[in-house]
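Understanding the architecture of this molecule
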Amino acid sequence: WRVRHRELTRLAPDTVRAYAGFTRDGALGRRLAKLDESGLRAFIEQRQFIDLAEEYPAQLTGAELLRLLRPLSPRSYSIASSQAAVGDEVHLTVATLTSDAIGKPRHGVASDHLNHRLQAGDRVGVYLEANRRFRLPADRAAPLVLIAAGTGVAPYRAFLQQLEAEDRAPDSWLIFGNPRLRTDFLYQREWLRWRAGGLLTRIDAAWSRDQADKRYVQHVVAEQAADLADWLERGAHLYLCGGLAMGQAVERALEQCVAPRLIPEAAADPAAARDWLAGLRRQRRLSKDLY
């Protein structure tokens, strides 16, 4: 019951403050009183509930514990498959979240359950949530620039499966980043098959741990600014999927390196570059799914 209904990993300020009232010596309350907003956020992000209980023991009944813990919140995952290709199946791309911020290994409750606890035949509660802002363009001939890091590549697999099922092959460019080529090139065989068959026009990858200098997708965007500008001039639709920090870094690279090639004033005017990027969003040629 506790695994299905109560949040055991993600802490919230109200949970931590309420728990402090049950501790024996008030040490947690005194520590919280010294933290500013950013300090409290760091304290919470580095810990799960078990860490709180181990550091600051408390006495409370089972009923008090249940009232203290928040309801288990749903986890959202992009679907990595097209129904046109896999029928009634639904494919997900799930990486197990891990943390050792305070020297103790911890795993994400949902990702660990899906990857390491769930067995064939087990059931999980799911629901579908439409994302009408992140889908293939109505004009299937429009070029596609698909930028992702890590499991953010999931929806692009669904995109290409759908295009393959429709026998459509617009110019498409995958820019993908992950730590290592050997272990982290998710769906490698499928991308290479699609490239060999002409469905995927181009692949550029950034492997952040395969060399001394860390290399990310935003570096590819900066390096390939001229080609990206050409694709955008041809009406390409640009997609960003993955972590929020990645998305923000890619948008900065677009403003600083791509925008000046399309609107000269952007080179000296950051506001002009931002307006250009906002214009892509208004035209629905820039779609983001960041988390």
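Above this text you will find the structure in question.
Let me sum up the structure you'll find in this document. Please read all numbers here as calculations on a predicted model, not as lab measurements. (Residues numbered from 1 in each chain as written. Predicted model: local features only at pLDDT ≥ 70, side-chain atom pairs only at ≥ 80, totals over all residues. Heavy atoms only, no water.)

A look at the environment of D167
Considering the arrangement of structural elements, one finds D167 in the loop between α9 (154-166) and β4 (172-178). Given a relative accessible area of 71%, D167 falls into the exposed group. In this structure the C-alpha to C-alpha distance between D167 and L199, which are 32 residues apart in sequence, comes to 9.1 Å. (Helix = DSSP H or I, 4+ residues; strand = E, 2+ residues; numbered from the N terminus. Buried < 20%, exposed > 50% of the residue type's maximum accessible area, 1.4 Å probe, protein only.)

What about the layout of surface pockets?
Its volume calculated, the second largest pocket comes out at about 360 Å³. What lines the second largest pocket is a set of 13 residues, among which R132, R133, R284, L286 and S287 lie closest to the centre. If you list the elements that add at least two residues to the lining of the second largest pocket, you get β6 (237-242) and β7 (286-290). Among the elements that make up the lining of the second largest pocket, the one with the highest residue count is β7 (three residues). (1 Å grid on protein atoms, 1.4 Å probe; cavity = no way out; pocket = protein on both sides within 12 Å on 5 of 7 lines; lining within 4 Å. Points joined across faces, edges and corners; volume = space filled by probe spheres on them.)

Overview of the nonpolar core
Ranked by size, the top nonpolar core spans 29 residues in total, and within it V145, I147, V258 and W276 carry the most contacts. Mapped by element, the contributors of at least two residues to this core are β3 (144-149), β4, α12 (217-223), α13 (225-233), β6, α14 (244-262) and α15 (270-282). Tallying contributions element by element places α14 first for this core, with six residues. In this structure, F134, L160, F176 and C241 belong to the second largest nonpolar core, which totals 21 residues. (Core = buried A, V, L, I, M, F, W, Y, C linked by side-chain atoms within 4.5 Å.)

A closer look at the sheet that holds β7
Spatially, β5-β4-β3-β6-β7 is the arrangement adopted by the five strands of the open sheet, whose pairing is parallel. Edge positions in the sheet fall to β5 (202-207) and β7, since each has one partner strand and no second. Each adjacent strand pair in this sheet contributes to an overall mean axis angle of 10°, direction not counted. Sheet topology note: the β6/β7 ladder contains five bridges and is parallel. When the sheet's bridge partners are listed, G242 is paired in β7 with L290. This element, α14, spans β3, β6 and β7 of the sheet and lies at about 150° to β6. (Pairing = 2+ DSSP bridges. Axes fitted to C-alpha atoms, helices over the stretch in contact; angles between N-to-C directions. Contact = heavy atoms within 4.5 Å.)

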